[in-house]
Structures are given as C-alpha cells and as structure tokens.
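As a plain string of letters, each chain reads:
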Amino acid sequence: MSASDTEKNQLVLGYWAIRGLAEPIRLALHYSNTPYTEKLYQQGEGPEFSLDEWFSVKQSQGLDFPNLPYLFDGDLKMTQSRAILYYIGRKANLMGKTPTEEAHVMMLCEQAHDFRMKTAPVAYGPEGATKEGRKNCVDTVISEELKKFDDYFGKHKTKFAVGDHPTVADFQLYEYIDANLAMDEEHTLVDKFSNIKQFMKTIRELPRVGDYITKAHAQLPINSKMAKFAGKVLEEK
Amino acid sequence: MASKDQVILGYWDIRGFAEPSRLLLHYTKTPFTNKLYHFGDAPDFKREEWLKEKNSLGLDFPNLPYLIDGDLKLSQAKTILTHLGRKFKLMGNNERETSLIELLIDQSNDLRQELNNVCYRAINFDAVSKKFCDETLPIHLKLFEDFLKRQGKKWLIGDNLTAADFQVFEYLDHCWILSNDNWAEYPKILAYMKAFRELPELKKYLESEHAKRPINGKMAKFGGKAVQHEEKKKEEPAKTDESEKSATT
C-alpha cells in the first residue's frame, strides 16, 4: 500500500492487541484496501492483567460512549464493533447491493456476533481451562451454531455470505467461525461442515485478505490475556 | 396501503427486545400483524407455542423476534429495527447520522443485555440488582445524560425521531421500571422520556397495550409481570458483607 501519511492517519482503529471484536473490521479494511492506523492497547501480564494502558486514556478520547473498539475518521468518533463494521461497509461498498441484501448482511453479522458471545464465557471461564470443558463446548454449542451457518450456505448456494460479491458479513462470519473452530483442538470439526469449509477457503483466497490473515493471526491472539483459552497465539496445526 | 399480512412481527407476548420495532411500526402507522407467542405457566414455562412453529416459517436463523416483510424474512432484533428504520427513512440524513444511530442502538442494547442478566437471576437477585442499580446503571445513565446535553436537541440525533429513539426510550424505560431511584441527577433523560410519552402517534399505545405488557418473560425474577416504577426512600446503607466483585472486561 502506498498511502500517504495524511491518508493513513485519517482512519484510526483502536482496540486491544488481540483479534477479539475488532478483527472483522480489520479484515474489511484490508480487503477494501483502506489505509488506516492500528492503535493497539497492550494488556498487562497475570495475575493482575492490568488494563491501564486503555483505562488511563479512556475518558480523554472524545468518545461519546468510551469503549473498545473505537474508530476515528476525521472528526467522526465512534464505538460499538458492529456499528463500526457497518460504517466501513457503507464506505467501501460492502453492505450488499439492495436493501434486502443489506438486511441479510446485518442479520448475518448479528447472528455471528451472538455466536461469538455464546462461547466467550467458556473461553474466559473455568470451562475453558480444561480439555473436557473445551471439548464439551465444541460438541454442543459450537457444533449446533456451526450447523445453522452450514445449513444457511447449503440453502442459499451463493459464493459469498450474501450474493456473489463480498460484504462485511463475510468477514464477520469468517472471523467468528474461525475463532470458535480454534477451540476444536482435534481440528476435525470443520470437516463435518462442507459448506463452511468451502466458505472459509473462499475468504482466505480473497486478494489481500489471505496475506493479512497469515501475518496477523500469527501475532494477535484471539482473546485477551486473562482468557483461559486462546489468550496467547495458538500454534498452527 | 399494505395489508396487515404484508408485515408480521413475531415475538413473545412481552416487550423484551422487540418493543423498539413495535414502537416504530405504531409511530409510522404501519399496519402489521403483532404475532404473539405465550410461555406456559410455572414451573416449566414451556415454549411449545413457539417451538412447534419455529422451523416452519422459512427463517434462515429461526429465532424470536422475527419479521416477515413481503418475501423478506429476518431475525435479530437490531436488524429488524434498522431494516424498518431504512424503510421508513428513520436512519438519519447522512452517513454520520446513520452511524451514530447504529451506535446508539448497539449501546442501548449493551445496557439491556446487562439488565437481562440481572432480571433472570434466580439466585442472589437482590444483591445483583442492587449492584446493577447502584453501580452499573448510573454509568450508562450519565453517558446518555451527557450525550443529550451535548447534542442539545429534542431527540437523540436532531429535531426528528430516528430508529435510535425507539430503542433508547424503550430500554431506558425498562431500567426505570427496575430502578427505585427518581433519576433526579438525569434531568435531560427525564425530559426526553416525558417528550417521547407525549408523542401524539404513540401516546394512546403507550398508555394502554404497552403499559400492560411485561418487560420480561414469565420466568424472570423481575418484570415477568407488568409492573410500575416505584420509588423507595433512600435508606441508611445496610451493614452487610460486600459480595465479591465480579470481574469486568
């Protein structure tokens, strides 16, 4: 990318130095070749896991509802991961081509968000600390939710999540499915869902996206440091 | 004019997460079928009425609430609200306004989720509820109060209602019903809610059907029946052991 400094500084995405809830936004930015500055807040080590790097500046960013992730774009300052994703989506023409497509894009993003939120308590809680706990989550909640998405792809037979062109739904789905699949330490679960497997491959083959994923996912953990699961970068299979 | 069968909003017979969309439909005088599902009685609170239909409505992700609008079939409360918002031009006049509306919808949803976690608690409800009212809720209220002050407009975004107003009003009202405080420190919020209640398009609905519908499901520890806001006199803090602080991210 040959963005000038002023261009690059126009958009600032602030978040923890993890994938978490910002990663779909990052994927959309990279796919659409949108220059931006990544502002990463580091978490402290255990046992305190200090969040001071963010908390010390939280109230002085000019945000109406201080939170992470945040996005600055010129004098627009916003929070809420999905609102940011949709904003980037509209800017980069990744919200579908019709009002109906737009509604489906948002529905998929919300559904994927629900999925991420369902398993987060496991990753951060006692269940996530044991192999049995993680396997139980994989065999129950994660399998059930993946089936819904697999059925969706089977029913609609589109190349991307909505229609035949990428939308932000692709990036939200990819990231949250990938984050949940990570809990399957046998790496066999995805083979049960051929439509999802194909979808994940399609997204990784998108220009700029595959390269970004390879680089970033080797450096950024899925979850925060205090998580019982995936608070550090997982080894590749 | 579309017939009632054109638009169907399906949800439990509660306010819950669907009421912002119901408010928008009433405000825009859109004929719609308010499809209501009922929980069974205690102790099982069976969901059969919904479960027997769930997989036969043609929804990609069967869930409540759902919206059927012609041949568009949606689930996810926020998606439904913003779809209706776009349809009725209540999503702002420019990009900045649209994003702010979506932000406010998400922010108020965060608050409502926290309220949900309190209201459905069977164990330790009193302590959890007190913590929410004394600690969590004031943080949220101050943010909205300051936001309204800074905006200095009649409604959240400007002088016209947007989809965000239906959600923010509704979810603040759910908190108001739980809270025993008079919110005297939040005059802008009180004025905002009063103005919303006086909207000619919604006044009658708010006083009747809306007021009679509970905010939560039957099985909730709080709000499973339609209740009113009650103010309690501020008491001396009780000398009890502090419960362990829960970790927050």
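Per an unreviewed UniProt entry, chain B carries the name glutathione transferase and comes from Adineta steineri. UniProt, in the comment section headed Function (unreviewed entry), describes chain B in these words: "Conjugation of reduced glutathione to a wide number of exogenous and endogenous hydrophobic electrophiles." Looking at the Catalytic activity (unreviewed entry) heading of the UniProt record, one finds this comment for chain B: "RX + glutathione = an S-substituted glutathione + a halide anion + H(+)".

An unreviewed UniProt entry lists chain A under the name glutathione transferase, from Adineta steineri. In its Sequence similarities (unreviewed entry) section, UniProt records this for chain A: "Belongs to the GST superfamily. Mu family." Quoted straight from UniProt, the Catalytic activity (unreviewed entry) entry for chain A says "RX + glutathione = an S-substituted glutathione + a halide anion + H(+)".

Novice: Even after reading the chapter, I still don't get the packing of helix H6 (residues 163-178) of chain B against helix H7 (residues 187-197) of chain B, so can you show me in this structure?
Specialist: Residue and element names in this part refer to chain B. Between H6 and H7, the shortest axis-to-axis distance is 11 Å and the interhelical angle comes to 115°. With respect to H7, the axis of H6 lies roughly perpendicular. In this structure, the crossing between H6 and H7 has a hand that is left-handed. Contacts between H6 and H7 involve Asp 165, Phe 166, Val 168, Phe 169, Leu 172, Asp 173 and Trp 176 from the former and Ile 189, Leu 190, Tyr 192, Met 193, Phe 196 and Arg 197 from the latter.

Novice: Where do I start with helix H1 (residues 19-27) of chain B in this structure?
Specialist: The α-helix winds at 3.6 residues per turn, so residues separated by three or four positions along the chain end up facing the same way. All names here are of chain B. Within H1, 7 of the 9 residues are buried, which leaves the element mostly enclosed by the surrounding structure. Those residues of H1 that sit buried are Glu 19, Pro 20, Ser 21, Arg 22, Leu 23, Leu 24 and Leu 25. Residue Lys 29 follows H1 closely and has a positive phi angle near 55°.

Novice: Honestly, the UniProt feature "domain: GST N-terminal" (unreviewed entry) in chain B in this entry has me stumped. Any pointers?
Specialist: Taken from the UniProt record, the annotation "domain: GST N-terminal" (unreviewed entry) applies to residues 5-92 of chain B. Annotation note: span residues 5-92 of chain B, helix share 31%, strand share 22%, distance between end C-alpha atoms 28 Å.

Novice: How should I be thinking about the domain arrangement of chain A in this particular structure?
Specialist: In many reports, interface size means the accessible area that the parts give up when they come together. Residues and elements named next belong to chain A. Considered domain by domain, chain A is made up of domain 1 (6-92) and domain 2 (99-206). Computed from C-alpha atoms alone, the centre-to-centre distance between domain 1 and domain 2 is 23 Å. Every contact between the two is made by 13 residues of domain 1 and, on the other side, 16 residues of domain 2. For the domain 1 and domain 2 pair, buried surface summed over both sides reaches about 1400 Å², with 64% attributable to carbon and sulfur atoms. The largest per-residue losses of area from domain 1 upon contact with domain 2 belong to Tyr 31, Arg 82 and Tyr 86, which jointly make up 39% of the total buried on that side. There are 3 salt bridges connecting domain 1 and domain 2. Of the charged contacts in the structure, one is a salt bridge between Arg 19 and Glu 175, with a shortest N-O distance of 3.0 Å. The interface formed by domain 1 and domain 2 holds 6 residue pairs in polar contact (both at pLDDT 80 or more) in total. Class assignment for the residues of the side of domain 1 that touches domain 2 results in 7 nonpolar, 3 polar and 3 charged.

Novice: Would you mind going over the nonpolar core with me for this structure?
Specialist: General note: in soluble globular proteins, nonpolar side chains tend to be found buried as a group. With 141 residues, the main nonpolar core has B:Leu104 and B:Phe196 as its most contacted residues. When near neighbours in sequence (up to four residues on either side) are disregarded, B:Leu104 contacts A:Phe65, B:Phe144, B:Phe147, B:Leu156, B:Ile157, B:Ala164 and B:Val168. Counting residues in hydrophobic clusters, the runner-up holds 15 residues, among them B:Tyr11, B:Trp12, B:Ile14 and B:Leu59.

Novice: Can you walk me through the interface of chain B and chain A in this structure?
Specialist: Taken residue by residue, the interface counts 29 residues in chain B and 30 residues in chain A. For the pair chain B and chain A, the two sides together bury roughly 2800 Å², of which 56% comes from carbon and sulfur. If you look at where chain B meets chain A, you find 7 salt bridges. A:Asp75 serves as the salt-bridge partner of B:Arg96, at 2.8 Å between the closest nitrogen and oxygen. Inspection of the region where chain B meets chain A yields 16 residue pairs in polar contact (both at pLDDT 80 or more). Counting only elements with at least two residues in the side of chain B that touches chain A, the list comes to strand S4 (72-75), helix H3 (77-87), helix H4 (95-119) and helix H5 (125-151) of chain B. In terms of residues, the side of chain B that touches chain A owes the most to one element, H4(B), which gives 11 residues.

Novice: What is the right way to look at the pattern of salt bridges in this model?
Specialist: Close approach of charged atoms allows side chains with opposite charge to pair. The tally for this structure, following the rule as stated, stands at 36 salt bridges over all chains. Residue A:Lys147 is joined to A:Asp151 by a salt bridge in which the shortest nitrogen-to-oxygen separation is 2.8 Å. You can see A:Lys147 and its partner A:Asp151 sitting in helix H6 (residues 131-156), 4 residues apart, about one turn around the helix. Residues joined by salt bridges that share partners form a network here, namely A:Arg82, A:Glu110, B:Lys78 and B:Asp106.

About the cut-offs
Residues numbered from 1 in each chain as written. Chains lettered and ligands numbered in written order. Predicted model: local features only at pLDDT ≥ 70, side-chain atom pairs only at ≥ 80, totals over all residues. Heavy atoms only, no water. UniProt positions renumbered as here; feature names shortened; annotations may be inferred. Axes fitted to C-alpha atoms, helices over the stretch in contact; angles between N-to-C directions. Helix = DSSP H or I, 4+ residues; strand = E, 2+ residues; numbered from the N terminus. Parallel < 35°, antiparallel > 145°, perpendicular 65-115°, else oblique. Left-handed = near helix turned anticlockwise from the far one by under 90°. Contact = heavy atoms within 4.5 Å. Buried < 20%, exposed > 50% of the residue type's maximum accessible area, 1.4 Å probe, protein only. Domains from an automatic or database assignment. Buried area = accessible area lost by both parts, 1.4 Å probe. Salt bridge = Lys/Arg side-chain N within 4 Å of Asp/Glu carboxyl O. Polar contact = N/O pair within 3.5 Å; in protein donor to acceptor, adjacent residues only side chain to side chain. Nonpolar A, V, L, I, M, F, W, Y, C, P; charged D, E, K, R; others polar. Core = buried A, V, L, I, M, F, W, Y, C linked by side-chain atoms within 4.5 Å.

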